[in-house]
Amino acid sequence: MTVSLKPNNSTPEKLQPTGWLKYLSFSLDHKVIGLQYLVCGFLFYLIGGSLAGAIRVELTSPLSDFMPREVYNQVLTLHGTIMIFLWIVPVVNGAFGNYLIPFYVGARDMAFPRLNAVAFWLIPPSGLMLITSYFINGAAQSGWTAYPPLSITTPAAGQIIWILSVLLLGGSSIFGGINFIATIIKLRRPGLKLMQLPMYCWAMLGTSILVVLSTPVLAGTLILLSFDIVAHTGFFNPSLGGNVIVYQHLFWFYSHPAVYIMVLPAFGLVSEILPIHSRKPLFGYTTMVFSIMGIVVLGLVVWAHHMFTSGTPPWMRLFFTIATAFIAVPTGIKFFNWVATLWGGKISLNSAMLFSCGFIINFVLGGITGVALAQVPFDIHVHDTYFVVAHFHYIVYGGSVFVIFSSIYHWFPKFTGKMLNENLGRFHFILTFIGFNLCFAPQHWLGLNGMPRRVAEYDPQFQLINQISSVGALLMALSTLPFLWNVFQSILYGHDAGDNPWNALTPEWLTSSPPPVENWDGEAPLVLEPYGYGNKNLNKTQEQNK
Amino acid sequence: MPKMSAILTLASSLILGVGGVWIAYNVDMLPVSASTNAPVYDELYRVLFIIGSILFIGMTALVIYSLIQFRRRPGETGDGIDLEGNISLEIFWTAVPAIVVLFVGLYSYDIYDRMGGMQPLMHDQSGHMGNQAERVWGGIGSGPIETSSSNNSSSLPIELTAMQFAFIFHYPKGDIISGELHVPVGKEVSLKMESKDVIHAFWVPQFRLKQDVIPGQPTILNFTPTKAGNFPIVCAELCGPYHGGMRSNVIVDEQEDFDTWIRENSKETI
């Protein structure tokens, strides 16, 4: 295949390949890059999900009888790493951020289109490298946290490939973060103030600040860890005078904010979806903006709550308890505002709305257990147990993944010009919601009663609950089938969506579906009230904007 | 009408509050409590469970009610009410969680203090190492380490060595080495823990205690068992392929039985 590229001297046509081939090219179009992120991320989700399935099969019996113990540890390490670094972070940020942000700020592309393409094209090779490490000499087996000395003492090849892969993915995140900040701050259409931007822009601005501040710390940490592995330095190796706790501080300085890097964009996406399908303005725009920034600030000063059992001094435990618990305040504001957005609306119970409301319910439970985990005495008992596994999955699956599905149902007509089948979508939601809760809700009990996480074998008294959990996981796996069928069926035979099937006011809907290369054939519309539903002059405003 | 809705709100809040308390006291998800720390921990757990149940059921009910009550009926067109915010409402739902969180934080601080977590550590990582050759950290439940390390203490000193994939206990008095932890009921135990290889974690769910066992970092963990019996010791930190199999037992004996065990296993002449 020969792909020729025109120089990007602000020519309207930025790429040569057309049709599906453009998605396999070094396209500079933000919409193509957004969909590249989305499809690539989904492929990795299927791989990470299969690994989760293998974990759940192993855990249907108390003995380690489905796979060798080393392989189990490799599988759980790959599962965590793939789901975080190759699925959720790239999709909630890269996919939807790239697709939507230029529309929302009234720009024709991202600030640095080439950097944008580089950021995406770092992902497939990093992911493939990570997965192939399994077949070379065994993948990394020290968990996605890679705590030394375990990560130093396990076979080096897989661990080094893991480090390299995460470094490249971190680089991709940083490139993306810089691009989003520059685009939101500098490429806004004249006349568009920050406080008139759709909420997803604010979420992406906050997320990008977190990415740019915290990811380099992870990169530096992993480089030091690789020195310890290959050059036998002693940064973290206690047998050479190193300190393992220092690694934990540095690692969590990134990896706690990483949770917000996964959920803040999801908050932003939900804030776009709820008003449209409730036909109501987003409630409390200003407090929503301040709550995002509150989460960003607090998110940077709570990392040590992952280390309450590591031997942290009392003052540190106290500070991090209070700081962590206080994140519940800005998060609570957002949840109350979303419910207030629903209140008094004219709600369409379509697939996008169901997944968003499912997200609210799941995330409330995840948030409540999060506040509990912030309390040192509580955490001391359940740290590193299935209670944490349950809490974490309620945040990242019940939160972020539910929002990803909601967003796909919502923006699919914009991506493709076709509608998804609503009945299949609702069936997908019901299977996912039941499967997810059946899988993870019982794990709270497992953790409280004494089952540690990351074990291939466990006390037989926990077998029944683990089997229930595995049935839930099976339902979640099955729920992917109607979704995939729906997507392929709709792309090929779906009903034409028209430009604006939801009758929405946000700018991406004020152009054709799918949009032209530089987003609008004429001048970009100036949307000053992206949530002006219920306004009597709605149609008039919309016309003016066009 | 506003009066009616105020009464309804008040009534549903009351039902929610009572329901939350009922759930927290009737859904017991914790194993038996067997140390002095456990009942204190369980008290916090119940308070968190009450608040959590109220919040979760309340929010879920609100979402489901909204979806049903405000759903778009067939043939219905148009938008919902044009309501962009309400300052007093927003202040209300900022202030209430802030107060709740502050209460929970202070309450758990009190619990933590009662569990022994806030006692000053003589050799913690904040630097008061003095001329000590060995830096020792204190886990939760640690008493003043200088006291517990010395022979004057009333606590029973035991040394724990964790390694892939076993816990080895050493009793300085009697020079006993054991793969199981034997302790007398009602007596404070001072466990000095160290790892030979990677990070492990010492966890007894029935004691509500967990502390990482860190290579190069001796750590003291104090606890007092309150119930005779046999409880699992679980490694809670991923430590390698056999991590799931790294389990042992703590056998809490009556004092006489414990003395007998010591006598039978002691290498020293009594």
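Refer to the structure above for everything that follows.
Reading the values: the criteria
- Residues numbered from 1 in each chain as written.
- Chains lettered and ligands numbered in written order.
- Predicted model: local features only at pLDDT ≥ 70, side-chain atom pairs only at ≥ 80, totals over all residues.
- Heavy atoms only, no water.
- Helix = DSSP H or I, 4+ residues; strand = E, 2+ residues; numbered from the N terminus.
- Buried < 20%, exposed > 50% of the residue type's maximum accessible area, 1.4 Å probe, protein only.
- Phe/Tyr/Trp six-rings, centres within 6.5 Å; stacked < 30°, edge-to-face > 60°.
- Lys NZ or Arg CZ within 6 Å of the ring centre and 35° of its normal.
- Lys, Arg positive; Asp, Glu negative; His and termini not counted.
- Salt bridge = Lys/Arg side-chain N within 4 Å of Asp/Glu carboxyl O.
- Polar contact = N/O pair within 3.5 Å; in protein donor to acceptor, adjacent residues only side chain to side chain.
- Contact = heavy atoms within 4.5 Å.
- Pairing = 2+ DSSP bridges.
- Patch = residues over 30% accessible without salt bridge, like charges linked within 9 Å, V, L, I, M, F, W, Y side chains within 5 Å.
- Areas by Shrake-Rupley, 256 points an atom, 1.4 Å probe, with all protein chains shown as cover.
- Charge placed at Lys NZ, Arg CZ, Asp CG, Glu CD.
- Buried area = accessible area lost by both parts, 1.4 Å probe.
- Expected span 1.5 Å × (residues − 1).
- Core = buried A, V, L, I, M, F, W, Y, C linked by side-chain atoms within 4.5 Å.
- Axes fitted to C-alpha atoms, helices over the stretch in contact; angles between N-to-C directions.
- Parallel < 35°, antiparallel > 145°, perpendicular 65-115°, else oblique.
- Left-handed = near helix turned anticlockwise from the far one by under 90°.
- Nonpolar A, V, L, I, M, F, W, Y, C, P; charged D, E, K, R; others polar.

1. Examining unusual backbone geometry
Then step 1. A cis amide bond, omega -10°, links S513(A) with the succeeding residue P514(A).
Then step 2. Structurally, P514(A) is set in the loop between α16 (463-493) and α17 (538-545).
Then step 3. Look at the link from Q164(B) to F165(B): it is a cis peptide, with omega at 5°.
Then step 4. Relative to the helices and strands, F165(B) is located in the loop between β2 (156-163) and β3 (166-171).
Then step 5. Of note, R279(A) is a non-glycine position whose phi angle comes to about 55°, a positive value.
Then step 6. Looking at the element boundaries, R279(A) is found in the loop between α8 (244-278) and α9 (285-299).
Then step 7. Take R279(A): its relative accessible area is 5%, and that puts it in the buried class.

2. With respect to the packing of aromatic side chains
Residue and element names in this part refer to chain B.
Then step 1. Applying the stated criterion across every chain, the model contains 66 aromatic pairs over all chains.
Then step 2. Centroid distance F167 to F202: 6.3 Å. Interplanar angle 90°. Geometry classified as edge-to-face. Here F202 lies in strand β7 (residues 200-204) and F167 lies in strand β3, a separation of 35 residues in the sequence. The pair F167 / F202 is uniform in exposure class, with both members buried.
Then step 3. Just above the ring of Y25 sits the side chain of R46; from NZ or CZ to the centre is 5.2 Å.
Then step 4. Between K210 and the ring centre of W203, over which it is positioned, the NZ or CZ distance is 4.4 Å.

3. Quick notes on the side chain of R46(B)
All names here are of chain B.
Then step 1. Note that R46 resides in helix α2 (residues 37-69).
Then step 2. With no salt bridge to any partner, buried R46 finds its closest opposite charge in D28, at an N-O distance of 4.6 Å.
Then step 3. Reaching out from R46, the side chain makes a polar contact with the backbone oxygen of A24 at a distance of 3.0 Å.
Then step 4. Apart from residues lying up to four places away in sequence, R46 is in contact with A24 and Y25.

4. Things to note about the pairing of strand β5 (residues 181-184) of chain B
Within a regular strand, the side chains alternate between the two sheet faces.
All names here are of chain B.
Then step 1. On β5, burial covers both faces: L181 and V183 on one face and H182 and P184 on the other are all buried.
Then step 2. As paired strands, β5 and strand β11 (residues 247-253) are joined by four bridges and run parallel to one another. Note on β11: the bridge partner recorded for V183 is V252.

5. Remarks on a negative patch on the surface
All names here are of chain B.
Then step 1. A surface patch of negative charge is lined by E254, E256, D257 and D259.
Then step 2. Structurally, D257 can be placed in helix α5 (residues 255-265).
Then step 3. Here D257 falls in the partly exposed class, since its relative accessible area comes to 44%.

6. Here we look at the interface of chain B and chain A
Then step 1. At the junction of the two partners, chain B supplies 85 residues and chain A supplies 92 residues.
Then step 2. Surface buried jointly by chain B and chain A totals about 7,400 Å² across both partners, of which 69% is contributed by carbon and sulfur atoms.
Then step 3. When residues of chain B are sorted by the area they lose upon contact with chain A, F70(B), W93(B) and L238(B) head the list and together hold 10% of the total.
Then step 4. Linking chain B to chain A there are two salt bridges.

7. Quick word on a nonpolar patch on the surface
All names here are of chain A.
Then step 1. Residues L438, L464, I468 and V471 make up a contiguous nonpolar surface patch of about 320 Å² in total accessible area.
Then step 2. Here the element with the most residues in the nonpolar patch is α16; it accounts for three residues.
Then step 3. Its place among the elements puts V471 in helix α16.

8. So, helix α4 (residues 123-136) of chain A
Residues and elements named next belong to chain A.
Then step 1. Compared with the 20 Å implied by 1.5 Å per residue over 14 residues, the 20 Å span of α4 between its first and last C-alpha is a close match.
Then step 2. Among all positions in α4, only I123, P124, S126, G127, L130, I131 and S133 are buried.
Then step 3. Buried positions along α4 lie against α1 (30-58), α2 (69-105), α3 (113-121) and α6 (156-186).

9. Concerning the nonpolar core
Then step 1. Membership of the largest hydrophobic core comes to 177 residues, with the highest contact counts inside it found for F96(A), W338(A) and F359(A).
Then step 2. With 23 residues, the top contributor of residues to this core is α2(A).
Then step 3. Apart from residues no more than four positions distant in its own chain, F96(A) is found in contact with L38(A), V91(A), I101(A), Y200(A), L269(A), I404(A), S407(A), I408(A), W411(A) and F415(A).
Then step 4. Grouped together as the second largest cluster of nonpolar side chains are 35 residues, F169(B), V189(B), V250(B) and I262(B) included.

10. A closer look at the packing of helix α12 (residues 351-374) of chain A against helix α14 (residues 386-416) of chain A
Residue and element names in this part refer to chain A.
Then step 1. With their axes 8 Å apart at the nearest point, α12 and α14 run at an angle of 160° to one another. By the angle class used here, α12 and α14 are roughly antiparallel. When you trace α12 past α14, the crossing you get is left-handed.
Then step 2. For the contact of α12 with α14, a count of residues per class yields 14 nonpolar, 13 polar and no charged.

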